[in-house]
Amino acid sequence: MSEEHNTPSGNPIPLPVDETRAPADGSERDTPERVKQAVEDLASRMKKAAQNDPVATEALACDLAKRSALCGLEYEYAESLACLGFALSERGHPREALLSIAEALEILRRFPRTKGLSRGLMALGNVHIVSGEFDKAMEVLMEALDLSREIGDQEPVANILLNLGNILYWRGEYTRALEYYMRSSTEAELRRDRGGQISALNNMGAVANALGYHVEATDYLTRCIAMCREGEDESPLCTALDDLALAKQGLGEATEAEATWLEAIGIAEKKGLTTYLIPMLINLSNFYLQEGRYLESGEYLDRGRVLAEGADSKIDRIRAYRTGAELHERLGEYPAAIYYLKRQFALEKEVDQQKATEAIRAHELATLRTAQEQLENLGEIGRSITGTLDRGRFLDLIHGNVERLMDVTTFAIASYDEATREIVYEQILEDGKPVPGSRVPLDDGRSLAAWCARNRKEIVMSDSETQSAQFLGQGAEHRLMGGKGSSKMTHSLLFAPLVVEDRLIGVMTIQSDKIDAYSLENVQAFRILASYAAIGLNNALQAERIREQNGELQRLATTDVLTGLDNRRAFFDKLGESWSLSTRTGTPLSLLIMDVDHFKRINDRMGHPAGDYCLKEMAGLLSREIARSSDVLGRIGGEEFGVLLVDSDEDGAVYIAERLRLAVESHDFSYEGKRISLTISLGLRSLVPRHGDEAGMDGFFSEADTALYDAKKRGRNRVSVFGSEG
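*Asks:* Requested: an account of the overall build of the protein chain, with residues and values cited.
*Replies:* Within the protein chain, the regular secondary structure consists of 27 helices and 14 strands. Out of the 726 residues belonging to the protein chain, those deemed buried represent 50%. Across the protein chain, the fraction of contacts at a sequence separation of at least 24, relative to all contacts at a separation of at least 6, is 64%. When the accessible area of the protein chain is evaluated, it comes to approximately 34,700 Å², of which 49% is carbon and sulfur surface.

*Asks:* Describe the packing of aromatic side chains, listing the residues and the values that go with them.
*Replies:* Per the stated rule, a full pass over the model turns up 10 aromatic pairs. For the ring pair F571 and F572, a centre distance of 6.2 Å and an interplane angle of 80° mean the geometry is edge-to-face. A connected cluster of aromatic rings, assembled from ring pairs, spans W261, F287, Y288 and Y300.

*Asks:* Tell me about the pattern of salt bridges, and please be specific about residues and values.
*Replies:* Applying the stated rule across the entire model yields 30 salt bridges. In this structure, R527 engages E458 in a salt bridge whose closest nitrogen and oxygen atoms are separated by 2.6 Å. Of this pair, R527 sits in helix α22 (residues 520-558) while E458 sits in the loop between α19 (448-455) and β5 (459-461), and the two are 69 residues apart along the sequence. Owing to a relative accessible area of 15%, R527 belongs among the buried residues under this scheme. Residue R659 pairs with E625 through a salt bridge whose shortest N-O separation is 3.6 Å. Linking R659 in helix α26 (residues 650-666) with E625 in helix α25 (residues 608-625), this pair joins segments that are 34 residues apart in sequence. The partly exposed category is assigned to E625, whose relative accessible area is 24%. Counted as one network, the salt bridges with shared partners bring together D302, R305, E309 and R343.

*Asks:* Give me helix α6 (residues 134-150): which residues, what numbers.
*Replies:* Spanning 17 residues, α6 covers 24 Å between terminal C-alpha atoms, matching the ideal 24 Å at 1.5 Å per step. Among the residues of α6, those classed as buried are F134, A137, M138, V140, L141, A144, L145, L147 and S148. Considering only its buried residues, α6 is in contact with α5 (115-130), α7 (157-170) and α15 (314-330). Just past α6, the residue G152 takes up positive phi, approximately 70°.

*Asks:* Could you give me a rundown of unusual backbone geometry, with the residues and numbers involved?
*Replies:* The phi torsion at H598 lies on the positive side, around 50°, for a residue other than glycine. Note on placement: H598 falls in the loop between β8 (589-596) and α24 (599-606). We classify H598 as partly exposed; its relative accessible area is 37%.

*Asks:* How would you sum up the packing of helix α9 (residues 194-210) against helix α10 (residues 214-231)? Please name residues and give values.
*Replies:* Packing of α9 against α10 brings their axes to within 8 Å, and their N-to-C directions diverge by 155°. The angle between the axes of α9 and α10 places the two elements in the roughly antiparallel class. Between α9 and α10 lies a crossing of left-handed hand. For the pair α9 and α10, contact is made by R194, Q197, I198, L201, N202, M204, G205, A208 and N209 and by H214, E216, A217, Y220, L221, R223, C224, M227, C228, E230 and G231, respectively. In terms of residue class, the contact of α9 with α10 is built from 10 nonpolar, six polar and four charged.

*Asks:* Go over the confidence of the model for the protein chain with me, naming the residues and quoting the values.
*Replies:* In this model, the protein chain carries an average pLDDT of 79, and 80% of its residues clear a pLDDT of 70 or more. pLDDT under 50 marks residues 359-378. Its contacts with residues more than four places away, or in other chains, come to 28 contacts. Low confidence marks residues 480-485, where pLDDT is under 50. Its contacts with residues over four positions away, or in another chain, come to 24 contacts.

*Asks:* Tell me about the pairing of strand β6 (residues 492-500), residues and numbers included.
*Replies:* Burial runs high along β6: eight of the nine residues are buried. Summarising the sheet, β5 and β6 pair through three bridges and their orientation is antiparallel. When the sheet's bridge partners are listed, V460 is paired in β6 with L494. Relative to strand β7 (residues 503-512), β6 runs antiparallel, the two sharing nine bridges. Within β7, the residue paired with V499 across the bridge is L504. The hairpin turn running from β6 into β7, its antiparallel successor, is two residues long, and E501 in that turn takes a positive phi close to 50°.

What counts, and where the lines are drawn
- Residues numbered from 1 in each chain as written.
- Predicted model: local features only at pLDDT ≥ 70, side-chain atom pairs only at ≥ 80, totals over all residues.
- Heavy atoms only, no water.
- Helix = DSSP H or I, 4+ residues; strand = E, 2+ residues; numbered from the N terminus.
- Buried < 20%, exposed > 50% of the residue type's maximum accessible area, 1.4 Å probe, protein only.
- Contact = heavy atoms within 4.5 Å.
- Areas by Shrake-Rupley, 256 points an atom, 1.4 Å probe, with all protein chains shown as cover.
- Phe/Tyr/Trp six-rings, centres within 6.5 Å; stacked < 30°, edge-to-face > 60°.
- Salt bridge = Lys/Arg side-chain N within 4 Å of Asp/Glu carboxyl O.
- Expected span 1.5 Å × (residues − 1).
- Axes fitted to C-alpha atoms, helices over the stretch in contact; angles between N-to-C directions.
- Parallel < 35°, antiparallel > 145°, perpendicular 65-115°, else oblique.
- Left-handed = near helix turned anticlockwise from the far one by under 90°.
- Nonpolar A, V, L, I, M, F, W, Y, C, P; charged D, E, K, R; others polar.
- pLDDT = per-residue confidence, 0-100.
- Pairing = 2+ DSSP bridges.

Right, dumping it as structure tokens:
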């Protein structure tokens, strides 16, 4: 309780202070000083417990609330209520948590620029996350983040960034979630915050699972679990075990997955961690369902569903109903399956309606209720626009629906390039025909689109000739684009900034060559379409980024970092593909395994940088010597390379092997002015794979490796063929 804060103006809450009551045991009455010291001790214990023990946190927060009230410590009383709310939320009681935090914030907002207020906002954000109210959670957590930075309080920043990442993760925006997790990890490392590092590893594992990279997820989560066990951090241990079980399931390791879930559930039950327990019970039920173990699936599903309904956890309830429907369908119990499907759809509709209301409440939806038919049309349009992740399809949907609802001479939609601070036109249509676009600087003083984006305000004009000056100044001729495109005069113009979560995504405009073309209903409909367009364009851009990220992750997972060649995993994947192809076609397959002779001497004498140079130079040399695109070159060990020669018999493979050997022997490897002489030894195995001999692939590699060993044994710098005596 070392933070300095001043009592705010206004009436404080009534605090029950009894100055006359003596202790029941007849001991000396507590002085205010002693009570205050006890409050400080309790607060310290409470904040420590809040890191991993919500049951203890709840008890300590209740005790602290009573003691701080008796001592007249209003600020400390509010802090205890906020912490109590956090604990109640963690234990699956969001309604009670919300009441406690609301009371705390009512007090704490009278103490501006304090740590207590930022902690209260964090607790409120956590409750909204548990309740599935992500927009509200994002808004509150951003306020907490801004306040923490404003007052120089870096302690909660890592946690806030983590929770913001969690919101994006639940929305399926994995790339943005990963960005927040990485920022959270950096903050945690700077503060040597072990708990923050644990959370970052856990969430990196969850993202890897979501992207289907279960091997990488297992690595992150195994490290996370080791740190949790070392520090006896049981709350994060539960979530890490849950994610690890999902990774094991994805890898087909059913026994390990089941054991991991059972361990996680045991810990959560022992500690009363209801929020963590619910999804784990549903996950294990799903696992048993996929394994065909319907009795166990039903048992764990019932436990998870009852807890989810008691906690009013909408996300978990939807998952439970979905699993229940599938389970009863498999059992042939169709009335029960239909019952769960109805509950799932009803709850999903409720959640969708809540999200839609939050997304477009700023766009005056109430005024459109008088036009019921148009509202229904807009809802259908919105679902189609926000439901597509293809940018071309999205643009066509927007234009087609705008044209159907109102008069359109010119239609344009642009995205915002943050890096260059430019408006980039995705599509411009005039009378339905494409018009060349351009990039418009955000500070362009003659562009209405730039003004709209810069100020994040809509533009409504019924006659551009008389109204442009109020946006661009006297004498400025408005332009849609930066010097290109249409020269056709338009009079009625509507511009709307496309904004998602306070981020500028782009600009949309419709224009007519008629004066006063758009009614109030048209303007209101345009606003709603713009809100859908913002979400749709953002989804399409995010999907493109995720596809790029997935491609990059796939490349990183299969590429050797030093040489840029296929790594061992990718090489063996391609070996399996080539084995199957040769089996079907009856064509020969040859495998070369080569090792750089006496490579350890280079590292020992000249250092590892010299060794790395040689390996990179070797990779480039071998790549140039292997001409056919069907052949595969990879780095399969430290100084060991592999070459897979498709449709190549033993004679052809020997020729290639000798060519590679001579190329290395004659190549000038020079590092920092010093020439390095290198040679390679090669082992070769050629055969025609037989049908039904899938296990023979391992022997194929082993035999090439044996030939390599023989080449080294016989003096190195040579090619040895498996089964050949010479």
